Amino acid sequence: MKSVATSTELDKRLRRNKVLIRGEYNTFAEEFAQEKGLKFLHCDIHLADDDIEMAHEHDIITLRFHTKGSSNIHYDCYTPGSSAGSYGGGEYAKELPKDFYVGCSMEQFAGNFPDRLHEQLIGNDMLRRFLETANNRSKNKN
């Protein structure tokens, strides 16, 4: 998306309703939010799909960003159930420290996960863009 036509009335309504714009850094979404005086939050980043064959498990791993400033690694796990036709699994999240990305390279980030996910993580372009931009912004703040 490169443009959105709005009216003065719509802009006021968006601000009054405290609309949150989600997207990647340095994109039209962030520019639109700034231009309209709206809050912006980076979108969640799908990190990897982890197939743990020995356990017949499939995990979808996502870096999530929350409106209060916190972030976590979310695991959505799928496993076979205990009886025919049953599908089990669950989900959990690992909280991350504030500004976890400061000074964090792709290699360092990938080092927090099992080796079997290394290629997926290193090849994740959205994660790379996020880490580079967030680190540059952190440097420019100080």
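The structure we're discussing is the one just above.
Residues numbered from 1 in each chain as written. Predicted model: local features only at pLDDT ≥ 70, side-chain atom pairs only at ≥ 80, totals over all residues. Heavy atoms only, no water.

(A) Spatial organisation of the overall build of the chain. Each helix and strand in the chain was counted, giving five helices and six strands. Helices and strands in the chain line up, N terminus first, as α-β-α-β-β-β-β-β-α-α-α. Since a compact globule built from 142 residues should have a radius of gyration of about 14 Å, the 19 Å found for the chain marks it as more spread out than a globular shape. Dimensions of the chain, computed from C-alpha atoms along their principal axes, come out at roughly 60 × 40 × 25 Å. Put simply, the chain has 142 residues, and 36% of those count as buried. Look at the contacts in the chain between residues 6 or more apart in sequence, and 35% of them connect residues 24 or more apart. In the structure as shown, the chain presents an accessible area of about 9300 Å², 49% of it carried by carbon and sulfur atoms. (Helix = DSSP H or I, 4+ residues; strand = E, 2+ residues; numbered from the N terminus. Rg over C-alpha atoms; globule rule 2.2 N^0.38 Å. Buried < 20%, exposed > 50% of the residue type's maximum accessible area, 1.4 Å probe, protein only. Contact = heavy atoms within 4.5 Å. Areas by Shrake-Rupley, 256 points an atom, 1.4 Å probe, with all protein chains shown as cover.)

(B) Up close: the pairing of strand β4 (residues 57-65). Sheet topology note: the strand β3 (residues 45-52)/β4 ladder contains seven bridges and is antiparallel. Bridge pairing in β4 places D49 opposite I60. Between the antiparallel neighbours β3 and β4 lie four residues, among them H56 with a positive phi of about 55°. Of the strand pairs in this sheet, β4 and strand β5 (residues 71-80) are connected by eight bridges, and their pairing is antiparallel. Considered in β5, the bridge of L63 is made with I73. Following β4, the chain reverses through five residues before pairing antiparallel with β5; G69 in that reversal takes a positive phi of roughly 100°. (Pairing = 2+ DSSP bridges.)

(C) Quick peek at the pattern of salt bridges. Taken as a whole and assessed by the stated rule, the structure comprises six salt bridges. Taking the shortest distance from any N to any O, the salt bridge between E24 and R129 comes out at 2.8 Å. Here E24 is found in the loop between β1 (20-23) and α2 (28-36), whereas its partner R129 is found in helix α5 (residues 125-141), with 105 residues between them in sequence. The buried category is assigned to E24, whose relative accessible area is 16%. A salt bridge links E30 to R137; its shortest N-O distance comes to 2.7 Å. Taken together, the residues span a long stretch of sequence, with E30 in helix α2 and R137 in helix α5 at a distance of 107 residues. Exposure remark for E30: the relative accessible area of 8% places this residue in the buried category. Using a relative accessible area of 30% as the deciding quantity, one classes R137 as partly exposed. If you follow the salt bridges from partner to partner, you end up with D11, E35 and K36 in one network. (Salt bridge = Lys/Arg side-chain N within 4 Å of Asp/Glu carboxyl O.)

Remember, this is a structural readout, not a statement about activity or role.
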